[in-house]
Amino acid sequence: MIGFLAYSLAGHDKGKIYLVIGETENYVYVADGQIRPLDTPKKKNKKHIQLIKINDRCTDIPSMTNERIKYIIKQYCRDIKVTV
């Protein structure tokens, strides 16, 4: 799951897009680069997210920056609006 974009399905942040930056047995840690930067990722139950499987998965999480996360999410949102 690490490196994929994900939709939040439940909670106050329902509908928000995040990048999965960490994973445990039942939870994932997600960041969006703005409200949830890499320093303080959000802990989400795996049941409460839906992965967005796109071809360019971000595998280089240790060198990821908040600006890069914002850029990836922005690019995804722009591509969705063009194709829909």
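Scope of this entry: the structure provided in the associated data block. Being a predicted model, the structure only gives us computed values, none of them experimental.

Section: the overall build of the chain
(1) Moving on: Helix and strand content of the chain: one helix and five strands.
(2) Moving on: Along the three orthogonal principal directions, the C-alpha set of the chain runs to about 35 × 30 × 25 Å.
(3) Moving on: Buried residues in the chain amount to 35% of all 84 residues.
(4) Moving on: Once local pairs closer than 6 in sequence are excluded, the contacts in the chain between residues at least 24 apart make up 48%.

Some thoughts on the sheet that holds strand β1 (residues 5-8)
(1) Moving on: The five strands are arranged β4-β3-β2-β1-β5 in an open sheet whose pairing can be described as antiparallel. For this open sheet the edge positions go to β4 (42-45) and β5 (49-52), each flanked by a neighbour on one side alone. Mean inter-strand twist for the sheet, computed between neighbouring axes without regard to direction, equals 45 degrees.
(2) Moving on: Two strands pair when backbone bridges link them, and β1 and β5 are joined in this way by four bridges, in the antiparallel orientation. Following the sheet pairing, S8 is matched in β5 by I49.

Some words on the pattern of salt bridges
(1) Moving on: This model, assessed by the stated rule, comprises three salt bridges.
(2) Moving on: Where K16 meets D32, a salt bridge forms, and the shortest distance between an N and an O atom there is 3.1 Å. Highlighted residues: K16 in the loop between β1 and β2 (17-23) and D32 in the loop between β3 (27-31) and β4, separated in sequence by 16 residues.
(3) Moving on: Since its relative accessible area comes to 27%, K16 is described here as partly exposed.
(4) Moving on: E23 is paired through a salt bridge with K46; the nearest N and O atoms lie 2.9 Å apart. Of this pair, E23 sits in strand β2 while K46 sits in the loop between β4 and β5; the two residues are 23 residues apart in sequence, bridging distant segments of the chain.
(5) Moving on: Looking at K46, the relative accessible area reads 24%, which means it is partly exposed.

Details of the pairing of β1
(1) Moving on: Pairing geometry for β1 and β2, over three bridges, is antiparallel. In the sheet register, Y7 faces β2, and the bridge partner there is I17.

Here we look at the packing of aromatic side chains
(1) Moving on: Across all of its chains, the model carries zero aromatic pairs by this definition.
(2) Moving on: Sitting above the plane of the Y27 ring, K43 keeps its charged end 4.4 Å from the centroid.

Comments concerning the environment of N66
(1) Moving on: Residue position: N66 is located in helix α1 (residues 66-83).
(2) Moving on: Separated by 35 residues in the primary sequence, N66 and A31 have C-alpha atoms spaced 8.3 Å apart.
(3) Moving on: Non-local contacts of N66, meaning those with residues more than four positions away in its chain, are made with G33, P37 and L38.
(4) Moving on: Among the polar contacts listed, one links the side chain of N66 to the backbone nitrogen of L38, at a separation of 2.9 Å.

What counts, and at which threshold
Residues numbered from 1 in each chain as written. Predicted model: local features only at pLDDT ≥ 70, side-chain atom pairs only at ≥ 80, totals over all residues. Heavy atoms only, no water. Helix = DSSP H or I, 4+ residues; strand = E, 2+ residues; numbered from the N terminus. Buried < 20%, exposed > 50% of the residue type's maximum accessible area, 1.4 Å probe, protein only. Contact = heavy atoms within 4.5 Å. Pairing = 2+ DSSP bridges. Axes fitted to C-alpha atoms, helices over the stretch in contact; angles between N-to-C directions. Salt bridge = Lys/Arg side-chain N within 4 Å of Asp/Glu carboxyl O. Phe/Tyr/Trp six-rings, centres within 6.5 Å; stacked < 30°, edge-to-face > 60°. Lys NZ or Arg CZ within 6 Å of the ring centre and 35° of its normal. Polar contact = N/O pair within 3.5 Å; in protein donor to acceptor, adjacent residues only side chain to side chain.

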